Amino acid sequence: MYQKYKSAELVKPSGLDLKDRLVGVQRVTKVTKGGRAFGFSAIVVVGDEAGVVGQGLGKSKDVASAIAKAIEDAKKNLVRIPIIKGTLPHEQKGKYGGARVNIIPAAPGTGVIAGGAVRTVLEAVGVHDVLSKSQGSSNPHNVVKATFDALLQLRSAQSIAKERGLSLEKVFNG
């Protein structure tokens, strides 16, 4: 799922204290010759609030099993996100479908300034101080994926230094 990101580090769920957060449950309707068949789709974000996060989608005829399936799916694609002193290493934009998300690091004490699905993802990651703006589509599925797009593009100074074969001072001072 995250092959296009160079810095995406996949994580195994074993040994992690993961907390799941429900982003949304949608009732979907399929019209058949016998009438309407109702189903549910649930989108869930799981994270250890220390840089590991994953998202999943579950579909079922009833809400409880849709949520259970979503949690299982989310645990299958966990990734590590770089966090520095409770905030992000740098500003980043993410997009998916019609959803656009802009996440900006903030000073300590700012809190999580984000709405809806973006807030859920950022809290699951464990970011304490961040500003964000969600534009375009407000569809929770696409907003969650756009937030993941932005988070997976984040790179720490250490990883950039290692990639370029330079010291940290050289990265910052040129």
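Every chain is numbered on its own, with residues counted from 1 as its sequence reads. Local features are withheld for residues below a pLDDT of 70 in this predicted model, meaning they are given only at 70 or higher, and side-chain atom pairs are given and counted only at 80 or more; totals for whole chains, interfaces and linings count all residues. Side-chain measures here rest on the full set of heavy atoms in the structure, leaving out hydrogens and waters.

Looking up the protein in an unreviewed UniProt entry gives the name Small ribosomal subunit protein uS5, with the organism given as Aurantibacter aestuarii. UniProt positions are given in the numbering used here, feature names are shortened, and annotations may be inferred rather than shown by experiment. UniProt lists a comment for the protein under the heading Sequence similarities (unreviewed entry), and it reads "Belongs to the universal ribosomal protein uS5 family." Its UniProt record, at the heading Subunit (unreviewed entry), says of the protein: "Part of the 30S ribosomal subunit. Contacts proteins S4 and S8."

A.B. asks: Just to check I follow, could you spell out the overall build of the protein for this structure?
C.D. replies: Check the secondary structure of the protein and you find five helices and nine strands. Counted from the first residue to the last, the protein has its helices and strands arranged as β-β-β-β-α-β-β-β-β-α-β-α-α-α. A principal-axis box enclosing the C-alpha atoms of the protein has dimensions of 70 × 35 × 30 Å. Across the 174 residues in the protein, those meeting the buried criterion constitute 40%. The contact criterion used throughout is that any non-hydrogen atoms of two residues lie within 4.5 Å. Summarising the internal contacts of the protein: among those between residues at least 6 apart in sequence, 59% fall at separations of at least 24. Each accessible area value is a Shrake-Rupley result obtained with a 1.4 Å probe; residue values ignore everything except the protein chains displayed when judging cover. With the model as given, the accessible surface of the protein reaches about 9700 Å², and the carbon-plus-sulfur share is 52%. Both charge centroids of the protein, one from 26 positive and one from 14 negative side chains, sit 9 Å from each other. For the purposes of this entry, the term helix denotes a DSSP run of H or I that reaches at least four residues, the term strand denotes a run of E that reaches at least two, and both are numbered from the N terminus. For every residue, the accessible area (1.4 Å probe, protein chains only) is compared with the maximum for its type, and the residue is labelled buried under 20%, exposed over 50%, or partly exposed between those bounds. A residue counts as positive if it is Lys or Arg and as negative if it is Asp or Glu; His and the chain ends are not included. The atom standing in for a charge is NZ when the residue is Lys, CZ when it is Arg, CG when it is Asp and CD when it is Glu.

A.B. asks: It is not clear to me how the sheet that holds strand β4 (residues 52-60) should be interpreted in this structure. Could you clarify?
C.D. replies: Pairing between the strands of a sheet comes from backbone hydrogen bonds, and it takes one of two forms, parallel or antiparallel. We call two strands paired when DSSP finds no fewer than two bridges between them. One open sheet accounts for five strands, arranged β1-β5-β4-β3-β2; its pairing is antiparallel. At either margin of the open sheet sits one strand with a lone partner, and together these are β1 (9-11) and β2 (19-32). Each strand axis lies, on average, 25° off the axis of its neighbour in the sheet, ignoring direction. Relative to strand β5 (residues 78-80), β1 runs antiparallel, the two being bridged by three bridges. Bridging from a neighbouring strand, Glu 9 pairs with Arg 80 of β5. Convention adopted: a line fitted to C-alpha atoms gives each axis, helices being fitted over their contacting stretch, and angles between N-to-C directions are expressed from 0 to 180 degrees. Seen against the sheet, helix α3 (residues 140-152) touches β2, β3 (35-47), β4 and β5 and runs at an angle of roughly 155° to β4.

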